[in-house]
Amino acid sequence: MRVCVLGSTGMLGIALSKEVIRRGAEYVGVARRNASVCFDVSDDAALSDFLRRERFDVIINTVAIIDHAACEAQPGLAYMVNSRPSSIIVNAIRRCYFVQISTDGYFTGDGSQKHNESSRVVLLNEYARTKFAAEMFALGSSESLVVRTNIVGFRNNKKATFVEWVVNSCKHEDHITLFDDYFVSSISVSLFSKALLDLIEKKTYGMINLASSEVFSKAEFIRTLVEVFGLCLKNITTGSVKKLPFHRAESLGLDVSRAEKILKYRLPTLNDVILNLKDEYFALQ
Ligand SMILES: NC(=O)c1ccc[n+]([C@@H]2O[C@H](COP(=O)([O-])OP(=O)(O)OC[C@H]3O[C@@H](n4cnc5c(N)ncnc54)[C@H](OP(=O)(O)O)[C@@H]3O)[C@@H](O)[C@H]2O)c1
């Protein structure tokens, strides 16, 4: 099997690449720098020439501008990076399985409710709009899988991930705001990658939620992480996600029953996710 990971040097791309290689597949990674093949996916010609020249059995697109403020500031660029490549990919490939990594950022106002693949979406910001457009482009092909998720992990470069920020803030006693009205079902990128590769092997198509089997608040996530990592929360306040400077969906719980039914195993709980992050964190030290 020949697999291409677009965005191979990012938080998810690194974990996915490791899992693809661990399973013995032939692998090609793409990013703008430090990847096996380097180009900008917003360059239509570069992307379609690459896909026509190379033959893949599976393409997994993880590329996105994930910074919400950057998407608000430059909606045109956000569209070119987050949405349009999905359409170019669908048009360029033949007999190839396309996996578009999406988001959970579509649900608001119903607290810790779980949302399934057909729950009504609300597009509150440019990030959500551009990710949703990418979903629609991908679903134009019957050989596509769109994966909604909320991921956590390590990037190990200058741009700290959420988990790296929590760990560093605790170590330096920097201030942390705990949001107890912001609900997620975050899964670690390595547990996500294993489950995604299992779904791909089972030839799963359409839309699927792949996340933790539990919904928890960001505050609960941080408290659990701090306890399991043996850290200390000193400089904290409790805040509301509704006070953040731009509209952000906050009821992001995902119902993962469809994925669990196909996979025939339970997806990780909050505790499983944090224990997995702890193993990875100490392996990196
Ligand atoms: N992180 C989250 O909290 C989260 C939550 C839910 C869903 N997701 C989704 O999960 C996916 C992966 O997120 P992530 O956190 O792993 O992102 P990330 O760490 O920012 O990685 C993005 C990857 O894409 C590459 N890239 C960015 N712009 C590019 C361009 N124009 N052309 C080619 N490559 C480009 C980056 O490398 P270069 O910059 O070197 O090109 C990097 O390899 C995204 O689709 C995101 O929407 C993320």
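Residues numbered from 1 in each chain as written. Predicted model: local features only at pLDDT ≥ 70, side-chain atom pairs only at ≥ 80, totals over all residues. Heavy atoms only, no water.

Here the focus is the packing of helix 6 (residues 162-172) against helix 8 (residues 218-229). Interaxial distance between helix 6 and helix 8 falls to 11 Å at its minimum, and their mutual angle equals 60°. Between helix 6 and helix 8, the crossing angle belongs to the class labelled oblique. Regarding helix 6 and helix 8, the two cross each other, and that crossing is right-handed. Only Lys218, Phe221, Ile222, Leu225, Val226 and Phe229 of helix 8 make contact with helix 6, whose side of the interface consists of Phe162, Val163, Val166, Val167 and Cys170. (Axes fitted to C-alpha atoms, helices over the stretch in contact; angles between N-to-C directions. Helix = DSSP H or I, 4+ residues; strand = E, 2+ residues; numbered from the N terminus. Parallel < 35°, antiparallel > 145°, perpendicular 65-115°, else oblique. Left-handed = near helix turned anticlockwise from the far one by under 90°. Contact = heavy atoms within 4.5 Å.)

Quick look at the sheet that holds strand 3 (residues 37-38) now. With parallel pairing, the 7 strands of this open sheet are ordered in space as 3-2-1-4-5-6-11. Of all the strands in the sheet, the pair left with one neighbour each is strand 3 and strand 11 (206-209). The sheet contact formed by strand 1 (residues 2-6) and strand 4 (residues 58-61) spans 4 bridges and is parallel. Looking at the pairing, Cys4 lines up with Ile59 of strand 4. (Pairing = 2+ DSSP bridges.)

Before going further, it helps to spend a moment on helix 7 (residues 189-201). In this model, helix 7 (13 residues) spans 18 Å end to end at C-alpha, consistent with the 18 Å of a helix rising 1.5 Å per residue. Judged by how many residues are buried, helix 7 sits mostly within the fold: 10 of 13 residues are covered. Three or more residues of helix 7 are buried, namely Val189, Ser190, Phe192, Ser193, Ala195, Leu196, Leu197, Asp198, Leu199 and Ile200. Immediately beyond the C-terminal end of helix 7, within one or two residues, lies Lys203, with a positive phi of roughly 50°. (Expected span 1.5 Å × (residues − 1). Buried < 20%, exposed > 50% of the residue type's maximum accessible area, 1.4 Å probe, protein only.)

Taken together, 27 residues surround the ligand, and among them Thr9, Arg32, Tyr127, Lys131 and Arg155 come closest. Side-chain polar atom of Tyr127 to an oxygen atom of the ligand: 2.6 Å apart, as the coordinates give it. With respect to the ligand, the side chain of Lys131 contributes an N or O atom lying 2.7 Å from an oxygen atom. Bound to the protein, the ligand loses 90% of the 890 Å² it would expose on its own. Of the residues contributing to the shell around the ligand, the split by class is 12 nonpolar, 9 polar and 6 charged. (Near = heavy atom within 4 Å. Polar contact = N/O pair within 3.5 Å; in protein donor to acceptor, adjacent residues only side chain to side chain. Areas by Shrake-Rupley, 256 points an atom, 1.4 Å probe, with all protein chains shown as cover. Nonpolar A, V, L, I, M, F, W, Y, C, P; charged D, E, K, R; others polar.)

Over its 18 residues, helix 4 (residues 75-92) runs 25 Å from end to end, which matches the ideal 26 Å to within 8%, given 1.5 Å per residue. Of all the positions in helix 4, only Ala78, Val81, Asn82, Ser83, Pro85, Ser86, Ser87, Ile88, Ile89, Val90 and Ala92 are classed as buried.

Summed over the entire model, instances satisfying the criterion amount to 12 salt bridges. Of the charged contacts, one joins Arg23 and Glu19 as a salt bridge, the two residues approaching to 2.7 Å between their closest N and O atoms. Taking relative accessible area as the criterion, Arg23 reaches 27% and is therefore assigned partly exposed. One salt bridge in this structure joins Arg148 and Glu135, with 2.8 Å as the shortest N-O distance. Remark: Glu135 occurs in helix 5 (residues 126-138) and Arg148 occurs in strand 6 (residues 144-148); sequence separation between them is 13 residues. (Salt bridge = Lys/Arg side-chain N within 4 Å of Asp/Glu carboxyl O.)

It is the contact of helix 4 with helix 5, at a shortest axis distance of 8 Å, that shows an interaxial angle of 10°. Considering their axes alone, helix 4 and helix 5 lie roughly parallel with respect to each other. Touching Pro75, Ala78, Tyr79, Asn82, Ser83, Arg84, Ser86, Ser87 and Val90 of helix 4 are Glu126, Tyr127, Thr130, Lys131, Ala133, Ala134, Phe137 and Ala138, all from helix 5. For the contact of helix 4 with helix 5, the class distribution of residues is 9 nonpolar, 5 polar and 3 charged.

Turning our eyes to something else, we now look at the packing of aromatic side chains. Counted according to the given criterion, the structure contains 13 aromatic pairs. Pairing Tyr106 with Phe107 gives two aromatic rings, centres 6.2 Å apart and planes at 85°, and the pair type is edge-to-face. For the residue pair Tyr106 and Phe107, the accessibility class agrees, reading buried in each case. The interplanar angle of 65° and the centroid separation of 6.5 Å between the aromatic rings of Phe179 and Tyr182 together place this pair among those described as edge-to-face. For the pair shown, Phe179 and Tyr182 are each scored as buried. Each member of the aromatic cluster is reached from another via a ring pair, and the members are Phe154, Phe229, Tyr281 and Phe282. Taking the ring centre of Phe162 as reference, the NZ or CZ of Lys218 above it sits at 4.0 Å. Over the aromatic face of Tyr182 sits the side chain of Lys218, whose NZ or CZ is 5.3 Å from the ring centroid. (Phe/Tyr/Trp six-rings, centres within 6.5 Å; stacked < 30°, edge-to-face > 60°. Lys NZ or Arg CZ within 6 Å of the ring centre and 35° of its normal.)

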